[in-house]
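# Chains, contacts and geometry: an overview
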Amino acid sequence: MKIDGRHFRTIWTNDAGQVEIIDQRWLPHELRIKPLPDRAAFATAIRDMWVRGAPLIGATAAWGVAVQMEHDPSDASLTETWQVLHETRPTAINLKWALDEMERLLRPLPPAERAAAARKRAAEICDEDVEANRQLGAHGLAVIREIAARKQGRVNILTHCNAGWLATVDWGTATSPIYQAAEEGIDVHVFVDETRPRNQGAQLTAWELASHGIPHALVVDNAGGHLMQHGEVDMVIVGTDRTTANGDVCNKIGTYLKALAAHDNGVPFYVALPSPTIDWTLRDGLKEIPIEERTAREVTHVQGRAPEGHITEVQISPDATGARNPAFDVTPARLVTGLITERGICAASPEGLAALFPERARG
Ligand SMILES: CSC[C@H]1O[C@H](OP(=O)(O)O)[C@H](O)[C@@H]1O
C-alpha cells in the first residue's frame, strides 16, 4: 500500500536482488528499511517481530530459504534451514506452509538448480498473497456494502491487532475489505483495538488507516464490549494466524473476548484469511493449536516516543512483578459469523470450508 504516496510492499528485493523489509518495530514513529542478508537475519526478523503477521511470516520464510540456497544449496542446508526458520514462532501456520512449499519444490532438484528455483517460488508466494488478499477483500466488501445499504449511513467496524497490509505482503486480510469499501466511497469508520501487549493496533493498524485517510479511533482493548452494547459497532473483522478445518480461529490474544462480546450483542464477527492460513490437519483449535508464550517484558514494559522525539521503552509495573504473556487465543467456530477467503465467504464449519475448498475435503 502507499506510504506518503509511494507504493510499498512489506518485503521486496532491491535493484541488487537483496531482500529488504520494513522493520515494523519502529512504526508508527520511524520508517526503517532493513536488508536481510543471510539466514540468521531472517530468523531474527521473524522471531523478534521485525516482520509479523501470518502471511508475511510465511513470505519472509520463503525468502529466507531462497537466500540460504544462494549460500549453500546442499541437502543438509535445506534441512537445517527448514528447522531454523520453523522454530522462530510456533503459532502462524503460514510459516510451516511456506517452508513445506519450498521443501517440496527444492528437495527433488539438483543443488545447483535450487537457488534460482527458490527465488522464483518465493517471489510467486508473495504475488499469490497479494492477489489472495485482494480477492478476499472483494468478497468482504460485499458484507460492508450490505450493512451500508441497510443503515443508509456510516459503517462502524471494530478490528483487533494488525491484520493489515503490514501483516501480509500487501492489502492485508481484515483491512482489505475496509480499503476497498473506502475506495468505493462507502463511509466506513474503524475502532482500532490498541492490542496489548505489543500494541499492533495502536502502532500499526492506526498508522495504516491514517496513511490512507480512513476515519478511525483508537480504543483500549477493554472498550469493545461496551461499544457493542451501545450499538456502536456494526461488524467485527479480524485476521487469523491459524484456522482449523472445522473453523476454530487462532488469533492475537483478546480476539476471543471480542467474539464473546459480539455474540452477546448480535454483532457479526468475521475472520478474513487467505487459504494458506487454514490448517487442514486440525479439528480442535483449543486443544491442538500451539500458543506462543512471549517474554514477560512485553507485558511489564511499553514502547513509545519520548517527548524529546526518540523511541524508548518504559516499565509500567513493579520490579518484583512477573507476567504471563500468551500471544494468541482461540475463538471457537460457534462464535464466528463467517470466514472471508479468496474463494468467497463461508460458514466457520467443515461443510463451509469444504464447499469453498472441495479438493481439501477429499483429503
Ligand atoms: C493477517 S495475520 C495477522 C495476525 O498476526 C498477528 O500476530 P503477530 O503480530 O503476533 O504476528 C495477529 O494475530 C494478527 O491478527
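Predicted, not measured: the structure shown is a model, and the values here were computed from it.

Evaluation of the coordinates by the stated rule reveals three aromatic pairs. Ring geometry for F8 and W12: centres 5.9 Å apart, planes at 65°, overall edge-to-face. As far as burial versus exposure is concerned, F8 and W12 are alike and both buried. Here W165 and W207 contribute two aromatic rings whose centre-to-centre distance is 6.4 Å and whose plane-to-plane angle is 35°, an arrangement assigned as tilted. With W165 in the loop between β6 (155-159) and α6 (175-183) and W207 in helix α7 (residues 200-211), this residue pair connects regions lying 42 residues apart in the sequence. In this pair, the class of W165 matches that of W207, namely buried.

Our next topic: the sheet that holds strand β4 (residues 19-22). The antiparallel open sheet is built from three strands, whose spatial order is β3-β4-β5. Each having just a single partner strand, β3 (11-13) and β5 (33-35) make up the two edges of the open sheet. Across this sheet, the average inter-strand angle for adjacent strands is 30°, counted without regard to direction. Two strands pair when backbone bridges link them, and β4 and β5 are joined in this way by three bridges, in the antiparallel orientation. Looking at the pairing, E20 lines up with P35 of β5.

Partitioning the chain into structural domains gives domain 1 (2-128) and domain 2 (137-362). Once you take the C-alpha centre of each, domain 1 and domain 2 turn out to be 24 Å apart. Contacts between the two partners involve 32 residues from domain 1 and, on the opposite side, 34 residues from domain 2. Taken over both partners, the interface formed by domain 1 and domain 2 buries close to 2,900 Å², and the fraction arising from carbon and sulfur atoms is 58%. At the surface where domain 1 touches domain 2, the tally comes to one salt bridge. A salt bridge links E292 to R89; its shortest N-O distance comes to 2.9 Å. Contributing elements (two or more residues each) for the side of domain 1 that touches domain 2: β1 (2-3), α2 (54-71) and α4 (93-106).

The residues that UniProt annotates with the feature "site: Transition state stabilizer" (unreviewed entry) are C161. Among the secondary structure elements, C161 is positioned in the loop between β6 and α6. Residues in contact with C161, not counting those within four places in the same chain, are D193, T195, Q200, G201, T205 and K252.

According to the stated counting rule, one finds 30 salt bridges in the structure shown. Of the charged contacts in the structure, one is a salt bridge between R39 and E80, with a shortest N-O distance of 2.6 Å. Here R39, found in helix α1 (residues 39-47), pairs with E80, found in helix α3 (residues 75-86); they are 41 residues apart in sequence, far enough to count as distant. Note on R39: relative accessible area 15%, which makes it buried. The closest approach of N and O atoms between E101 and R121, which form a salt bridge, is 2.7 Å. Of this pair, E101 sits in helix α4 while R121 sits in helix α5 (residues 111-151), placing them 20 residues apart in sequence. You'll find E101 and R121 in the same group, each marked buried.

Of note, S74 is situated in the loop between α2 and α3. The class of S74 is partly exposed, set by a relative accessible area of 25%. The spatial distance from the C-alpha of S74 to the C-alpha of A112 is 8.7 Å, given a sequence separation of 38 residues. A distance of 2.8 Å separates a polar atom in the side chain of S74 from a polar atom in the side chain of D72.

Parameters and conventions
- Residues numbered from 1 in each chain as written.
- Predicted model: local features only at pLDDT ≥ 70, side-chain atom pairs only at ≥ 80, totals over all residues.
- Heavy atoms only, no water.
- Phe/Tyr/Trp six-rings, centres within 6.5 Å; stacked < 30°, edge-to-face > 60°.
- Buried < 20%, exposed > 50% of the residue type's maximum accessible area, 1.4 Å probe, protein only.
- Helix = DSSP H or I, 4+ residues; strand = E, 2+ residues; numbered from the N terminus.
- Pairing = 2+ DSSP bridges.
- Axes fitted to C-alpha atoms, helices over the stretch in contact; angles between N-to-C directions.
- Domains from an automatic or database assignment.
- Contact = heavy atoms within 4.5 Å.
- Buried area = accessible area lost by both parts, 1.4 Å probe.
- Salt bridge = Lys/Arg side-chain N within 4 Å of Asp/Glu carboxyl O.
- UniProt positions renumbered as here; feature names shortened; annotations may be inferred.
- Polar contact = N/O pair within 3.5 Å; in protein donor to acceptor, adjacent residues only side chain to side chain.

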